[in-house]
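Now for the letters of each chain:
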Protein chains: 4
Amino acid sequence: MFNIRTDLAVEAKELWQETAEKQTQLEGVIARDSEKNGYKITTVEITNEKGEQAIGKPVGTYVTIEIDKLINREDNAFMLGAETVAEVITSMLKLNVGDSVLVVGLGNEAITPDAVGPKTARNTMVTRHLVEKIPEHFGTMRRVSVVQSGVLGTTGIETADFIRAVVDKLRPDAVIVVDALASRKMARICRTVQLADTGIIPGSGVGNSRAAINKETLGVPVLAIGVPTVVDAATLAADLASEAGVHNLEPEDLSKHGTSMIVTPKDIDANVADLGKLLGYGINLALHGEITVEDINMFLS
Amino acid sequence: MFNIRTDLAVEAKELWQETAEKQTQLEGVIARDSEKNGYKITTVEITNEKGEQAIGKPVGTYVTIEIDKLINREDNAFMLGAETVAEVITSMLKLNVGDSVLVVGLGNEAITPDAVGPKTARNTMVTRHLVEKIPEHFGTMRRVSVVQSGVLGTTGIETADFIRAVVDKLRPDAVIVVDALASRKMARICRTVQLADTGIIPGSGVGNSRAAINKETLGVPVLAIGVPTVVDAATLAADLASEAGVHNLEPEDLSKHGTSMIVTPKDIDANVADLGKLLGYGINLALHGEITVEDINMFLS
Amino acid sequence: MFNIRTDLAVEAKELWQETAEKQTQLEGVIARDSEKNGYKITTVEITNEKGEQAIGKPVGTYVTIEIDKLINREDNAFMLGAETVAEVITSMLKLNVGDSVLVVGLGNEAITPDAVGPKTARNTMVTRHLVEKIPEHFGTMRRVSVVQSGVLGTTGIETADFIRAVVDKLRPDAVIVVDALASRKMARICRTVQLADTGIIPGSGVGNSRAAINKETLGVPVLAIGVPTVVDAATLAADLASEAGVHNLEPEDLSKHGTSMIVTPKDIDANVADLGKLLGYGINLALHGEITVEDINMFLS
Amino acid sequence: MFNIRTDLAVEAKELWQETAEKQTQLEGVIARDSEKNGYKITTVEITNEKGEQAIGKPVGTYVTIEIDKLINREDNAFMLGAETVAEVITSMLKLNVGDSVLVVGLGNEAITPDAVGPKTARNTMVTRHLVEKIPEHFGTMRRVSVVQSGVLGTTGIETADFIRAVVDKLRPDAVIVVDALASRKMARICRTVQLADTGIIPGSGVGNSRAAINKETLGVPVLAIGVPTVVDAATLAADLASEAGVHNLEPEDLSKHGTSMIVTPKDIDANVADLGKLLGYGINLALHGEITVEDINMFLS
């Protein structure tokens, strides 16, 4: 299996197809494009083990929303974007009235490109205690609890262990995990949201089942939401060289130089703030049927 | 039982004694003063239910360190202060070689006077993963993991539930919880550290056993470390009036005005930063026998 | 002249009237109440030296907006509040088309109750460079530049000197300074906005002309916008005691205890964030005729 | 003149020499290596217009300190590093007893790789007001004032205009400006400090005299201290390709992809915090003869 170096299924699929000898049909993978509220959406379904091997991602559904509309500041782009995220969440995570949800922000808030999870957590309405203590006011909302997992270096605890501990105690009906991802293409950085019903393996790679945060390990459905915020520097160099007609560069040749370096937009701080708000509002709209963006503003301020 | 409005045992004892009709011996309470490294230390032991009722705190040992020396920036005050904290921790929390410890920072980092716990967490060396993964380097250290519990409003999860979830998963040999406290006297604000082997009840009061974070609820010894950072505004007013010769003011009369107001030093930001460092370094020195302040600087930077 | 211990003209006037022997007419002071967009507004005009002496503030117009509506989260309260602030600014600061304005955020961003100025600065649209470099897009806007003055302890420079230096270089047509204030009553903390055409004397008091930031020292009209965020602890104690029927307490008696202590709301962080947004948006609406709250959202994000 | 894409004189010189046809002597440029306190130091002097054209930097002295020792956390590395910075400052900026100095932190604190200037400002002892108001205590120190210039987008004011305004008002005897730089090589990122007696042109390039912050424009000696924290993504790609044997890649070919992307270390937050402390302490040691690192700790905390 070739090493795909991307957390995005849509990108992994593209890379597979770009490889010269693989122009044939890709078995076990179904892709389709659509549009919601002016946002372009791509759905990649990996249906069997063949697809899994080709793409390097587990069987499941991966939905990608391109958010150029938001970045270009088109009219109503934020509200339409949040609604689009909400609609995709609703379609992927089948919830019943009264279900409770745990939202987990993965990543290190102190490292800007890694702060998408924490920023989303801050924009998510925490309602569990309110529904239980003031049911006359909040009784129609779903019970939502929110944790930030921290990272191994700041806690000493494996992220998956931490989340399992909280899930075992709270017994939510579903879990939503939000994380920053790595992409292979600069053009996708901070411009793409991926939602996957397969959960997530922090640090990625198929196989490390102990670290997986998914239905198998947690016992409840897990929706993973991610945004690519960085490209690995060595990967980028190889790709740029390739576009310039130089095809014999391997990321491995370069990794000694780029190993701890990342490529990220100059205005990553503003991007991550925007993304955390988009995802938080999308989650809120999806989980609490009747509310509006204005209600969320009021609740969070 | 009269309402003591303080989280400090030493203060509760003083208040009991100040009451005119209680100049008799206080049963079930033993107090003694001492000094370590130039720091004044007061130990209050509550030995039975009579003491418990008089003071309004559970049976156990409460050690208070007065840190004026540090605030006055005397020579070597920080190093001596951290060592003093470490010595008190060592005497109160009997640990064996190889024991693991969970350090919990309680409170809301975004509210400055409530950020003592989170700031201490940031100054605590996280070693659990290092000891397990790189034993050749870190094998002689204790395994320390660190979590910040957040607060109910930002997580939807009761603090005690959250900590129990983590303790059930990690099974540490001891827990240290660090929190900001309320005092009755302005003179103690940010100038006193209390260590108690009784654990802590966030929001305080005896009796609410569900919320307690102690040996009974967690199954392992719990050392609570706290620093008073606020006085309740109404309590303060009554006390100040009393000092000026006006004794008929009850905090209750004033609480309608002061209910959501706190009294805190102007430079609370700097104070809380200092305190978080003092407590974190004290914990590090106590848990890892051989290390120095300089080693900690290196590790944390 | 008795020491009024408040930065609010409306409060100083009340205090004057509360004093038993002063139930007579207050000369040199005109006060009137009104309402805009559901917000209560009080205008105090100090018209001559007699009023100046009675109130302890320089001759000029002081407009107070009570923002309970916003704090109670009534419908559209933010938009209406920002428009109210804008209307008052427009009526007090007569600007011509093409005029340029310097907005100065006073105070220390690291000390939460002192961060109203810096937070407002962050919510103010900076347009000076855009109008000059991209006139085809921004030519219809006023040129607005924004500085945060820092505080003496972090710069070594007197605030007034700093602002004069910038004004001498930029030569704006008007200056708006925003600062946190002290009030005498807890009920006004974070609930009142004062706008004054007299400028401001950081650290306050009449007479210290060297430190004044006003038309006289800067050579252009200066509008001061302030919000009380703290009460002096000793003043509070005397007031609370007085309300409880104890009238012989002087703040001076208590100041040895309360000297470096402040009284502030528990949720001061959220309050200051809200206020910075309200004032910034109000300034933006006042300075750039045609824009909407939505336009400002877009510009600032 | 070929476009050098680096703010480091030492790097520009290397690049000149690497070019095949320029193996001859470089006129107008003198370089020498030395060592201080275990730190490697390279001094590049550009002595005339020929050197200026070859290197693309104005005539003057550029000293580079390599701080690997600090990054590797060798014993006493911080103290020795701060002393090394101080010694270089002292040798480049001839100050008399009683001289006053303005320290300017350039850059945007909210963008991590651009925050070296602001972080240094926070670690610089502000003494101007203390020397003037409490001469009996601080009279032997130099008067140091500190400003952060902000950036055009957050102030609407050109950095050079802002600094000139402050210099005209304060009339310091010398100015030290601190800024983040761009390098061409990843190996230098966060590992090199450059000190130049030529001042600085924010945004760089020779010729834009209006924007220059130097002796000519300010009227007093200007020492510029900078640390490279980013590589331009397109430049990096071309360099990496070149090292892999592909020499026909021009940054220009790639810039359409990398234009707003930067390459920076994963742990840039920690790096910038370290660098701000190193430079601030170096400046403090240089400006106030007798003090120690311990004194600075005490003063700043």
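Before reading on, note that the structure itself is shown above.
Residues numbered from 1 in each chain as written. Chains lettered and ligands numbered in written order. Predicted model: local features only at pLDDT ≥ 70, side-chain atom pairs only at ≥ 80, totals over all residues. Heavy atoms only, no water.

Some points on the pairing of strand β7 (residues 192–196) of chain C
On a regular strand, one side chain projects to one face of the sheet and the next to the other, so that they alternate.
Residues and elements named next belong to chain C.
Then step 1. The element β7 is extensively covered by neighbouring structure, given that 5 of its 5 residues are classed as buried.
Then step 2. Covered by surrounding structure in β7 are T192, Q194 and A196 together with V193 and L195, the residues of both alternating faces.
Then step 3. Where strand β3 (residues 60–66) meets β7, 5 bridges bridge the pair, whose relative direction is antiparallel. Opposite Y62, over in β7, you have A196 as the bridge partner. (Buried < 20%, exposed > 50% of the residue type's maximum accessible area, 1.4 Å probe, protein only. Helix = DSSP H or I, 4+ residues; strand = E, 2+ residues; numbered from the N terminus. Pairing = 2+ DSSP bridges.)

Some words on the relation of the copies chain B and chain A
Then step 1. Overlaying chain B on chain A yields an RMSD of 0.0 Å, the required transformation being a rotation through 180° with an accompanying axial translation of 0.0 Å. With respect to symmetry, the two chain copies, as superposed, fit the operation of a two-fold axis. In terms of C-alpha distance to the rotation axis, chain B has B:A165 as its closest residue, with the C-alpha 2.6 Å off the axis. (Least-squares fit on C-alpha atoms with pLDDT ≥ 70 in both.)

A word on empty space enclosed by the protein
Over the atoms rolls a probe the size of a water molecule, and in doing so it shows where empty space is left.
Then step 1. Under the defined criterion, the tally for this structure stands at 4 cavities of 30 Å³ or more.
Then step 2. Each pocket or cavity is described by its volume, and for the largest cavity that value is around 100 Å³.
Then step 3. Lining the largest cavity are 18 residues, with B:P113, B:I268, C:T112, C:P113 and C:I268 positioned closest to its centre.
Then step 4. Grouping the constituent residues of the lining of the largest cavity by class yields 10 nonpolar, 4 polar and 4 charged.
Then step 5. Of the voids in this model, the second largest cavity is the one considered here, and its volume is about 80 Å³. (1 Å grid on protein atoms, 1.4 Å probe; cavity = no way out; pocket = protein on both sides within 12 Å on 5 of 7 lines; lining within 4 Å. Points joined across faces, edges and corners; volume = space filled by probe spheres on them. Nonpolar A, V, L, I, M, F, W, Y, C, P; charged D, E, K, R; others polar.)

Some points on the packing of aromatic side chains
Then step 1. For the coordinates displayed, the defined rule picks out 6 aromatic pairs over all chains.
Then step 2. Seen in terms of ring centroids, A:F162 and B:F162 are 5.8 Å apart; in terms of plane orientation they differ by 65°. Their pairing is edge-to-face. With A:F162 in helix α9 (residues 159–170) and B:F162 in helix α9 (residues 159–170), this pair bridges two chains.
Then step 3. The exposure class assigned to A:F162 is buried, which follows from its relative accessible area of 5%.
Then step 4. Centre to centre, the rings of C:F78 and C:Y281 are 5.3 Å apart; their planes meet at 75°, and the pair counts as edge-to-face. Within this pair, whereas C:F78 is found in helix α4 (residues 77–92), its partner C:Y281 is found in helix α13 (residues 268–287), the two being separated by 203 residues in sequence.
Then step 5. Since its relative accessible area comes to 23%, C:F78 is described here as partly exposed.
Then step 6. C:Y281 gets classed as buried once you look at its relative accessible area, which sits at 3%.
Then step 7. For C:K69, the ring lying beneath its charged end belongs to C:Y39, and the centroid distance is 6.0 Å.
Then step 8. Lying across the ring of D:Y281, D:K277 places its NZ or CZ 5.5 Å from the centre. (Phe/Tyr/Trp six-rings, centres within 6.5 Å; stacked < 30°, edge-to-face > 60°. Lys NZ or Arg CZ within 6 Å of the ring centre and 35° of its normal.)

With respect to the nonpolar core
Then step 1. Formed by 115 residues in total, the largest nonpolar core has its most connected members in A:I176, A:I225, D:I176 and D:I225.
Then step 2. With sequence-adjacent residues up to four places away left out, A:I225 is seen in contact with A:I89, A:I176, A:V177, A:V178, A:D179, A:V193, A:Q194, A:L195, A:L279 and A:I283. (Core = buried A, V, L, I, M, F, W, Y, C linked by side-chain atoms within 4.5 Å. Contact = heavy atoms within 4.5 Å.)

What about the pattern of salt bridges?
Side chains bearing opposite charge may pair, as long as their charged atoms lie close to each other.
Then step 1. Under the criterion given, the structure shown has 49 salt bridges over all chains.
Then step 2. For B:E11, the salt bridge identified is with B:R188, shortest N-O distance 2.8 Å. One end of the pair, B:E11, is in helix α1 (residues 9–18); the other, B:R188, is in the loop between β6 (174–183) and β7 (192–196), with 177 residues separating them in the sequence.
Then step 3. A salt bridge links C:E74 to C:K69; its shortest N-O distance comes to 3.3 Å.
Then step 4. Bridged by salt links that share partners, the residues A:E11, A:E14 and A:R188 form one connected network. (Salt bridge = Lys/Arg side-chain N within 4 Å of Asp/Glu carboxyl O.)

Topic: the side chain of D:T198
Residues and elements named next belong to chain D.
Then step 1. With respect to the secondary-structure elements, T198 resides in the loop between β7 (192–196) and α10 (215–218).
Then step 2. Of the residues examined, T198 reaches a relative accessible area of 12% and is grouped as buried.
Then step 3. Ignoring sequence-local partners within four residues, the contact set of T198 consists of P58, V59, G60, T61, Y62, N214 and V222.

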